[in-house]
Amino acid sequence: MKIPFLSFEMSNNQLREEMTAAFSRVFESRWYVLGEEVKKFESKYAEFNKIKHCIGVSNGLDALFLSLKALGIGAGDEVIVPSNTYIASWLAVSYTGAIPVPAEPSRETMNIDVQEISSKITPLTKAIMPVHLYGQSCEMEGIMELADTHGLFVVEDNAQAQGATCNGKLTGTMGHINATSFYPGKNLGALGDAGAVTTKDDFLAQKVRILGNYGSEKKYYNEVVGYNMRLDEMQAAFLQVKLNYLEEWNRERKKLAGLYTENLKNIPGLTLPQLAEGCTHVYHLYVVRTRDRDDLQQHLQLAGIGTLIHYPVPPHLQKAYSGFGFRKGDFPVAESIADTCLSLPVYPGLREEDVKYISEHIRNFYNRA
Ligand SMILES: *Cc1c(COP(=O)(O)O)cnc(C)c1O
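Scope of this entry: the structure provided in the associated data block. Remember, it's a predicted structure, so these values are computed and weren't measured experimentally.

1. Let's talk about the packing of aromatic side chains
At step 1: Under the defined criterion, the tally for this structure stands at 17 aromatic pairs.
At step 2: Where Tyr321 meets Phe324, the ring centres are 5.2 Å apart and the plane angle is 40 degrees; that geometry is what we call tilted.
At step 3: Relative accessible area serves as the criterion here: at 6%, Tyr321 is assigned to the buried category.
At step 4: Each member of the aromatic cluster is reached from another via a ring pair, and the members are Trp90, Tyr321, Phe324, Phe326 and Phe331.
At step 5: The lysine or arginine in question, Lys218, covers the ring of Tyr221, its NZ or CZ lying 4.5 Å from the ring centre.

2. Considering the pairing of strand 12 (residues 286–289)
At step 1: Neither face of strand 12 is left uncovered, since the one carrying Tyr286 and Val288 and the one carrying Val287 and Arg289 both have all their residues buried.
At step 2: In terms of strand pairing, strand 12 meets strand 13 (residues 341–344) through four bridges, oriented antiparallel. Within strand 13, the residue paired with Val287 across the bridge is Ser343.

3. A look at the sheet that holds strand 4 (residues 125–128)
At step 1: Overall, mixed pairing links the seven strands, which are arranged 1-9-8-5-4-2-3 in an open sheet. Single-partner strands in this sheet number two, and they are strand 1 (53–57) and strand 3 (99–103). Across the sheet, the axes of successive neighbouring strands diverge by a mean angle of 25 degrees, strand direction being ignored.
At step 2: Judged from the five bridges that link them, strand 1 and strand 9 (residues 195–199) form a sheet pairing that is antiparallel. Within the sheet, the bridge partner assigned to Val57 lies in strand 9 and is Gly195.
At step 3: Contacts from helix 7 (residues 202–212) reach strand 1, strand 8 (177–181) and strand 9 within the one sheet, and its direction differs from that of strand 1 by about 15 degrees.

4. Let's talk about the site of the ligand
At step 1: As a matter of local geometry, the ligand sits amid Asn59, Gly60, Leu61, Tyr86, Ala88, Val131, Asp157, Ala159, Gln160, Ser181 and Lys186.
At step 2: Here an oxygen atom of the ligand sits 2.7 Å away from a polar atom, N or O, in the side chain of Ser181.

5. Regarding the pattern of salt bridges
At step 1: What the rule picks out here adds up to 10 salt bridges.
At step 2: A salt bridge links Glu36 to Lys39, with the shortest nitrogen-to-oxygen separation between them at 3.6 Å. Taken as a pair, Glu36 and Lys39 lie in helix 2 (residues 36–49) at a separation of three residues, close to a single helical turn.
At step 3: The residue Glu352 makes a salt bridge to Lys255 at a minimum N-O spacing of 3.4 Å.

Cut-offs used in this document
- Residues numbered from 1 in each chain as written.
- Predicted model: local features only at pLDDT ≥ 70, side-chain atom pairs only at ≥ 80, totals over all residues.
- Heavy atoms only, no water.
- Phe/Tyr/Trp six-rings, centres within 6.5 Å; stacked < 30°, edge-to-face > 60°.
- Buried < 20%, exposed > 50% of the residue type's maximum accessible area, 1.4 Å probe, protein only.
- Lys NZ or Arg CZ within 6 Å of the ring centre and 35° of its normal.
- Helix = DSSP H or I, 4+ residues; strand = E, 2+ residues; numbered from the N terminus.
- Pairing = 2+ DSSP bridges.
- Axes fitted to C-alpha atoms, helices over the stretch in contact; angles between N-to-C directions.
- Contact = heavy atoms within 4.5 Å.
- Near = heavy atom within 4 Å.
- Polar contact = N/O pair within 3.5 Å; in protein donor to acceptor, adjacent residues only side chain to side chain.
- Salt bridge = Lys/Arg side-chain N within 4 Å of Asp/Glu carboxyl O.

Given below as structure tokens:
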């Protein structure tokens, strides 16, 4: 492969010394779970986001689950989720015993649509989970207003959009409680599984801490039936290093995305990412849409260019959710995105000439025949 879909080569090379030092520090500390490194990362991530609380946890799915549990969501409740998202958003709701209720996205931004959310609210609805998909902030003002009107909680799934904003406010700081993932490929990625919950609310923060640590505030005294969903010291040390680079790397992603957008404009049959007013995009993924998706992917593959599909099957059509009885055609916008979307390489270390090369091959594809 000439240009892989994702490569950690540049970021790893850039950070080798700092990461090795972080490893040594934790190794020599002889303290590997819930110590100073986790505390330091939590305050650093909270400061980055200008939010009062950050609780480091085991991964993004657990961060979503703990956020919902802290709100008291469980069996008999409904949570509105996007029909097009990574399945983790739905699974977190299912883990609590509540029902994920899908709402369609906007055809332009591919993020959950406020009118669609509104049409899904029932007396059982407890929360809305907007997902800032591909790195673009959802239109949060309308969502927060709707939630206020109906007395609902908002849990942002910020796994893909660390550093994005909506009218100047950072994603992961607008909902009542919010979750993010530091899976290695995310904009802020650990060297393994990791995640975090962010909130302004003292009570919810404390609940997440207790739930994620065996239901215990004081060691060996358990207040509730909790879980082991802790962030470990090693990942917290690595994340402190990588957080210093998040803004720089997001800028790099945006620059590469801008180049794609410039090079690929005005190709009939190819839809480029579209931004909502007031929302920024940190390009976790650069997703184009085309009816010739499979052929285009094949064409790029032959030119040594790696691409992926995020995601080929929307959650409602997954076997895992066959029990809900959804059918093809129930969520046409999500289904059309699944059938037409293609993610192009975008990551720190990808070169401008790579974007040019990829763009040329895409143009060739549309000029063929
Ligand atoms: C990655 C991701 C998650 C889950 O994060 P993990 O750390 O893999 O558990 C949740 N939601 C979205 C939108 C994601 O992209």
